Amino acid sequence: MILVVGAGPTGLTAALEMTRRGREVRILDEAEQPIRSSKAIGINPRSLELLEASGVTEKILAEGRRLDRGVIHTAEGPLATLDFSRLDHRYNRMTALQQARTEALLEETLAERGVMVERGCEALGVVQDAASAQVRVRRTGGGEEEIAAEHVVAADGAHSVLRKVLGLGFPGERYPGDWELADIDVTGWPYPEDQLNLFFLPRSLLLAIGLEIDGRYRIACNSGDPLPQLRRLGIEEERVVWSSKFHIGHHLIERFSEGRVHFAGDAAHLHSPAGGRGLNLGVEDACVLAMKLCQGGLDSYSAERHEIAKGVIRMTDALTRVATLANPAAQAMRNLLLRHVLPLGFAQRRLRRSIAGLAYPNPLTGSE
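Everything numeric in this text was worked out from a predicted model, so none of it was measured. (Residues numbered from 1 in each chain as written. Predicted model: local features only at pLDDT ≥ 70, side-chain atom pairs only at ≥ 80, totals over all residues. Heavy atoms only, no water.)

Q: Could you clarify how one ought to interpret the environment of Leu 162 in this entry?
A: One can find Leu 162 in helix α5 (residues 161-165). Remark: the alpha-carbon pair of Leu 162 and Lys 292, spanning 130 residues in sequence, is separated by 21 Å. Every residue in contact with Leu 162, bar those within four places of it in the chain, is listed here: Val 5, Ala 123, Gly 125, Val 126, Val 152, Ala 154, Asp 156 and Phe 263. (Helix = DSSP H or I, 4+ residues; strand = E, 2+ residues; numbered from the N terminus. Contact = heavy atoms within 4.5 Å.)

Q: Looking at this model, I keep getting lost on the sheet that holds strand β19 (residues 249-252). Mind explaining?
A: In a beta sheet, neighbouring strands are held together by backbone hydrogen bonds and run either parallel or antiparallel to one another. Strand order in the open sheet made by the three strands is β13-β19-β22, with antiparallel pairing throughout. Lying at the two open borders of the sheet, with one neighbouring strand each, are β13 (172-174) and β22 (269-270). Examined bridge by bridge, β19 and β22 share two bridges and lie antiparallel to one another. Residue His 251 lies in a different strand from β22, and its bridge partner there is Leu 270. In the packing of helix α8 (residues 301-323) onto the sheet, contacts are made with β13, β19 and β22, and the angle to β19 comes to roughly 170 degrees. (Pairing = 2+ DSSP bridges. Axes fitted to C-alpha atoms, helices over the stretch in contact; angles between N-to-C directions.)

Q: Just to check I follow, could you spell out the sheet that holds strand β4 (residues 65-67) for this structure?
A: Spatially, the three strands line up as an open sheet ordered β3-β7-β4, and their pairing is antiparallel. Every other strand in the sheet has two partners, leaving β3 (42-43) and β4 as the edge strands with one partner each. Relative to strand β7 (residues 94-96), β4 runs antiparallel, the two sharing three bridges. Its bridge partner lying in β7, Arg 65 is registered against Ala 96.

Q: When you look at the pattern of salt bridges in this model, what are you seeing that I'm missing?
A: Close approach of charged atoms allows side chains of opposite charge to pair. Per the stated rule, a full pass over the model turns up 32 salt bridges. Beyond isolated ion pairs, a larger network of salt bridges with shared partners links Arg 26, Glu 118, Arg 139 and Glu 145. (Salt bridge = Lys/Arg side-chain N within 4 Å of Asp/Glu carboxyl O.)

Q: What exactly am I supposed to notice about the packing of aromatic side chains here?
A: In this description, an aromatic ring pair is defined by two values, namely the gap between the centres and the angle between the planes. Tallied over the entire structure, the rule returns five aromatic pairs. Three or more aromatic residues joined by ring pairs form one cluster here, namely Trp 189, Tyr 191, Phe 199 and Tyr 217. Taking NZ or CZ as reference, Arg 163 lies 3.7 Å from the ring centre of Phe 170, over its face. Over the aromatic face of Phe 200 sits the side chain of Arg 334, whose NZ or CZ is 3.7 Å from the ring centroid. (Phe/Tyr/Trp six-rings, centres within 6.5 Å; stacked < 30°, edge-to-face > 60°. Lys NZ or Arg CZ within 6 Å of the ring centre and 35° of its normal.)

Q: What is the right way to look at helix α10 (residues 345-355) in this model?
A: Because an α-helix packs 3.6 residues into every turn, residues spaced three or four apart end up facing the same way. Every buried residue of α10 is accounted for by Ala 347, Gln 348, Arg 352, Ser 354 and Ile 355. Considered in projection along α10, the buried side chains sweep an arc of 155 degrees and stay on one side of the axis. Counted as exposed and oriented over 90 degrees from the buried face of α10: Phe 346 and Arg 350. Where the residues of α10 are buried, they touch β6 (77-83), β7, α8 and α9 (328-341). (Buried < 20%, exposed > 50% of the residue type's maximum accessible area, 1.4 Å probe, protein only. Arc of directions from axis to C-beta.)

Q: Explain the side chain of Asp 317 to me, please; I cannot follow it from the model alone.
A: With respect to the element layout, Asp 317 can be found in helix α8. At 2.6 Å, the side chain of Asp 317 and the side chain of Tyr 175 are in polar contact. Not counting the four nearest positions on each side in its chain, Asp 317 is found in contact with Tyr 175 and His 250. (Polar contact = N/O pair within 3.5 Å; in protein donor to acceptor, adjacent residues only side chain to side chain.)

Q: Can you help me understand the pairing of β6 in this one?
A: Here six bridges tie strand β5 (residues 69-74) to β6, and the two strands are oriented antiparallel to one another. Opposite Ile 72, over in β6, you have Ala 80 as the bridge partner.

Q: Would you take a moment to explain the nonpolar core for this structure?
A: Across soluble globular proteins, you tend to see nonpolar side chains buried next to one another. Within the largest apolar cluster, 65 residues are counted, with the highest numbers of intra-cluster contacts made by Met 18, Ile 27, Val 152, Val 153 and Phe 263. When near neighbours in sequence (up to four residues on either side) are disregarded, Val 153 contacts Ile 2, Leu 3, Val 4, Val 5, Ala 14, Met 18, His 262, Leu 289 and Leu 293. (Core = buried A, V, L, I, M, F, W, Y, C linked by side-chain atoms within 4.5 Å.)

Q: How should the side chain of Asn 280 be read in this particular structure?
A: Tracing the backbone through its elements, the reader meets Asn 280 in helix α7 (residues 278-295). Taking relative accessible area as the criterion, Asn 280 reaches 2% and is therefore assigned buried. Polar side-chain contacts of Asn 280 include one of 2.8 Å to the side chain of Ser 47. Ignoring sequence-local partners within four residues, the contact set of Asn 280 consists of Gly 42, Ile 43, Asn 44 and Ser 47.

Q: Is there a simple way to explain a nonpolar patch on the surface in this structure?
A: A cluster of nonpolar side chains, Met 333, Leu 336, Leu 337, Val 341, Leu 344 and Phe 346, forms an exposed patch at the surface whose accessible area comes to about 550 Å². Mapped onto the elements of the fold, Leu 336 is located in helix α9. (Patch = residues over 30% accessible without salt bridge, like charges linked within 9 Å, V, L, I, M, F, W, Y side chains within 5 Å. Areas by Shrake-Rupley, 256 points an atom, 1.4 Å probe, with all protein chains shown as cover.)

Q: Got a minute to help me understand the pairing of strand β15 (residues 195-201) in this structure?
A: Counting buried positions over the seven residues of β15 gives six, a clear majority of the element. Bridging between β5 and β15 involves six bridges; their strand directions are parallel. Directly across from His 73, in β15, lies its bridge partner Phe 199. Relative to strand β16 (residues 204-210), β15 runs antiparallel, the two being bridged by five bridges. Considered in β16, the bridge of Leu 201 is made with Ser 204.

What follows is the structure, encoded as structure tokens:
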């Protein structure tokens, strides 16, 4: 039996993929209930490709909002456009779907295969021997259990208990400043619904994306409350549905496997949301790990995923630093370059394939 700790998108994908491949799986989560908030919302073409075999892709496409392009604006108007619809891929789009719904679709599909998430189960520690890994679990209301598993998938998030218990380093750095998110309802949205909007304002960065619910939008800002910035653009919210504050940075686990415990998703890597790779990289980790656990090649998992995550961190770090330039002269130079370089074919291809998760071959098949 393989034990999955954590029932976010990464853990659910790992459990689903291993169940689909015929392995016995248990999946635990500390929370007593599934999440209700939107959190991550961008699903890229690589994730859609990887989730096809499980049947989840079809469900995501049926609910999600298609995003064909991303437009960068300044206070004076549109600056440059990145066209996802020109991707040379069957999923030539980004898809907006709230994380709560993505998790629900994964969990429903897993339940259809006879595996239920065991909730209210907090992982306290793990010990290993030559035959198994034993995870100590405390259940809500009291009582502990030791679960023996052939392998453990540690998908227990950014504050991973299993990573800490095993003493694995998680080096990185935090970017300056605080970010705020808000999901808001708006009537009369002035931009196309299939368009992601990024605003370079004099003293802040503002992101606006339509969610799958008509009239609802995700707003993010790096200079505090995003709503005043939005109002300066002539957009008034009717209702704030959800909001959150957060910090961004990047961290990378020193190795993805420690004996029989294998890390994936936020437990293994954190990075800026620039480029929308967070949830998607976790889904990719999970699919690769499930394949290697079921078909062999597990010894290569750590090195392969470490290299991929390192590349994603480089990309998201560069995008973040370019987008958050504070010096007016540097901002002007950036905007000039974007206006004249981003429309060029090579720049379009490189950036959209990176954001789409297609900058390297499919890690399951090796195909481009």
